Amino acid sequence: MNQHHIEVSVSRDKFKNNISHIRNIVKPSQLCVVMKANAYGHGLESLAPTAIAAGADYIGICTNPEATIIRILGSDAAKKIKLLRLRMALPEELNESIDSLNIEEQIGSIEAAKYVSEAGVKRGKKIPVHINIDTGMGRSGFFSNQIEELKLICGLPGINIVGIMTHFASSDGQDLDFTHKQIEDFYKARQVLNNYVDHNVLTHTHNSAATVRVNNEGNRLVRVGAACYGVRTSQDFQNPPELEPVMSVKTRIAQVREVPSGKTIGYGSLFTTQRDSLIASLPVGFGEGYPRALFNKGIVLIKGHPCPVVGRVSLNIITVDITDVPEPVRWGDEAVLIGTQGNKEITFEELADKFASVHTEINLMAGFMNQISYV
Ligand SMILES: *Cc1c(COP(=O)(O)O)cnc(C)c1O
């Protein structure tokens, strides 16, 4: 089966190179390659072996099916690689994880800690867990001043505390003041816990933006998603130039039309041609994961020129104004939705900014809604 109308391409080499580069930046810390949400839409099953080969110490996941996909890949390395769940588990998830998936869980409440400890005691083993300290993310975990609770957890018989972690709320923002406050708060709690946990415990705070921007001293593990895929969660900072986007999205032109001035285009008639125009129809829409919110806002590269999306994004069609493209444009010609053409580039970040979103949303939809070709 050939998919002619859209090409979502994922480069294993770029993924591998990005991971190697990040490994070098963070050495001697361990690296957790974050592959939740189907590897941010890039395909977990296809890329997990690459992550492992590139030297991931951990793979970060959210759900049990994600963990299962990795465990059944077949290689010894995939059976053994450490998995870290990047959110709080449900009780049923914990049972399965402890019995067969061997996921290292975050612990953010006494209730969950006791649950895991009892499960460990029942099975005669100590379950490896990471204590989650909420220093400002505000979603889960213990506050750094819940010292009595933290001490109590350290004394539970069925768990082995292998990590102490926190998560940054705005390490990708313009100003890093809040991130530095979070770090300070985290190390206060870490200090108190020193007397109660093994000195080898992995401390970890850094996501992609922090790994690129903030000194990692004191951390023995980083959790990096976006940067491994060569993207940023905001345009307020730059990635090192070695990090390249792993995914690109292209389509082709299904029709070129001469449209007179004064005609409306698309559902809701939200665009009216202001001049005699050349309009290209492209065979992708939000059914292919092109964000519907990009109506009258998206940009597409044709013959190396940025061309505006005009009118609504339909389910399977967008319309693009190519009047200003100097070269002739023909039926079947390539149109780049995300990636490079000639010497121009459209990045996930700039497209996401146009509708106040984040690269992941576009990566995800493109990956979920289309067949991916791995190159
Ligand atoms: C998703 C996630 C990460 C990775 O974030 P990126 O910005 O993609 O690097 C790290 N830590 C936790 C807890 C996460 O949920």
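Since the structure is predicted, the reported quantities are computational estimates derived from the model, not experimental observations.

Rules used in this analysis
Residues numbered from 1 in each chain as written. Predicted model: local features only at pLDDT ≥ 70, side-chain atom pairs only at ≥ 80, totals over all residues. Heavy atoms only, no water. 1 Å grid on protein atoms, 1.4 Å probe; cavity = no way out; pocket = protein on both sides within 12 Å on 5 of 7 lines; lining within 4 Å. Points joined across faces, edges and corners; volume = space filled by probe spheres on them. Helix = DSSP H or I, 4+ residues; strand = E, 2+ residues; numbered from the N terminus. Nonpolar A, V, L, I, M, F, W, Y, C, P; charged D, E, K, R; others polar. Buried < 20%, exposed > 50% of the residue type's maximum accessible area, 1.4 Å probe, protein only. Contact = heavy atoms within 4.5 Å. Salt bridge = Lys/Arg side-chain N within 4 Å of Asp/Glu carboxyl O. Pairing = 2+ DSSP bridges. Near = heavy atom within 4 Å. Polar contact = N/O pair within 3.5 Å; in protein donor to acceptor, adjacent residues only side chain to side chain. Sits in = over half its atoms within 2 Å of the grid points. Core = buried A, V, L, I, M, F, W, Y, C linked by side-chain atoms within 4.5 Å.

**Student:** Hey, could you run me through empty space enclosed by the protein in this one?
**Tutor:** Think of a ball as big as a water molecule: rolled over the atoms, this probe shows where empty space is left. If you walk through the whole model with that rule in mind, you get 1 cavity of 30 Å³ or more. Its boundaries defined by the atoms lining it, the largest cavity holds a volume of some 60 Å³. Taken together, Ile6, Val249, Glu288, Gly289, Tyr290, Leu337, Ile338, Ile362 and Ala366 form the lining of the largest cavity. Breaking the lining of the largest cavity down by element, the ones donating at least two residues are strand S19 (334-341) and helix H12 (359-369). Taken together, the residues of the lining of the largest cavity sort by class into 7 nonpolar, 1 polar and 1 charged.

**Student:** Just checking my understanding: could you explain the environment of proline 245 for this structure?
**Tutor:** Relative to the helices and strands, proline 245 resides in the loop between strand S10 (221-224) and strand S11 (247-252). We classify proline 245 as partly exposed; its relative accessible area is 29%. C-alpha of proline 245 to C-alpha of alanine 227: the two residues are 18 residues apart in sequence and 8.7 Å apart in space. Ignoring sequence-local partners within four residues, the contact set of proline 245 consists of Lys14, Tyr229, Gly230 and Glu345.

**Student:** What exactly am I supposed to notice about the pattern of salt bridges here?
**Tutor:** Any two side chains of opposite charge can pair if their charged atoms end up close together. Here the structure, examined in full by the defined rule, presents 11 salt bridges. Glutamate 349 is the partner of arginine 232 in a salt bridge, and the nearest nitrogen-oxygen pair spans 3.3 Å. With arginine 232 in the loop between S10 and S11 and glutamate 349 in helix H11 (residues 348-353), this pair connects stretches of sequence that are 117 residues apart. Residues joined by salt bridges that share partners form a network here, namely Arg85, Arg87, Glu93 and Glu105.

**Student:** Where do I start with the pairing of strand S16 (residues 299-302) in this structure?
**Tutor:** Two faces make up the sheet, and in a regular strand the side chains alternate between them. Pairing of S16 with strand S17 (residues 305-308), which is carried by 4 bridges, proceeds in the antiparallel orientation. Bridging from a neighbouring strand, isoleucine 299 pairs with proline 308 of S17. Between the end of S16 and the start of S17, which pair antiparallel, lie 2 residues, with lysine 303 showing a positive phi angle near 50 degrees. In this structure, S16 lies alongside S19, joined through 2 bridges in antiparallel fashion. Residue pairing in the sheet places leucine 301 in a bridge with valine 336 of S19.

**Student:** Even after reading the chapter, I still don't get the site of the ligand, so can you show me in this structure?
**Tutor:** Around the ligand, the neighbouring residues are Val34, Lys36, Tyr40, Leu86, His167, Asn207, Ser208, Arg223, Val224, Gly225, Ala226 and Thr233. A distance of 2.7 Å separates an oxygen atom of the ligand from a polar atom in the side chain of lysine 36. At a separation of 3.4 Å, a nitrogen atom of the ligand approaches a polar side-chain atom of histidine 167. Cavity membership is defined here by more than half of the atoms lying within 2 Å of grid points; on that basis the ligand lies in the largest pocket.

**Student:** Whenever I open this one, the nonpolar core confuses me. Can you help?
**Tutor:** Most often, soluble globular proteins have nonpolar side chains that are buried together. Of all hydrophobic cores here, the largest spans 76 residues; its most connected members are Phe15, Met35, Val300 and Ile318. Formed by 23 residues, the second largest nonpolar core is a distinct cluster that contains Ile107, Val116, Cys154 and Ile161.

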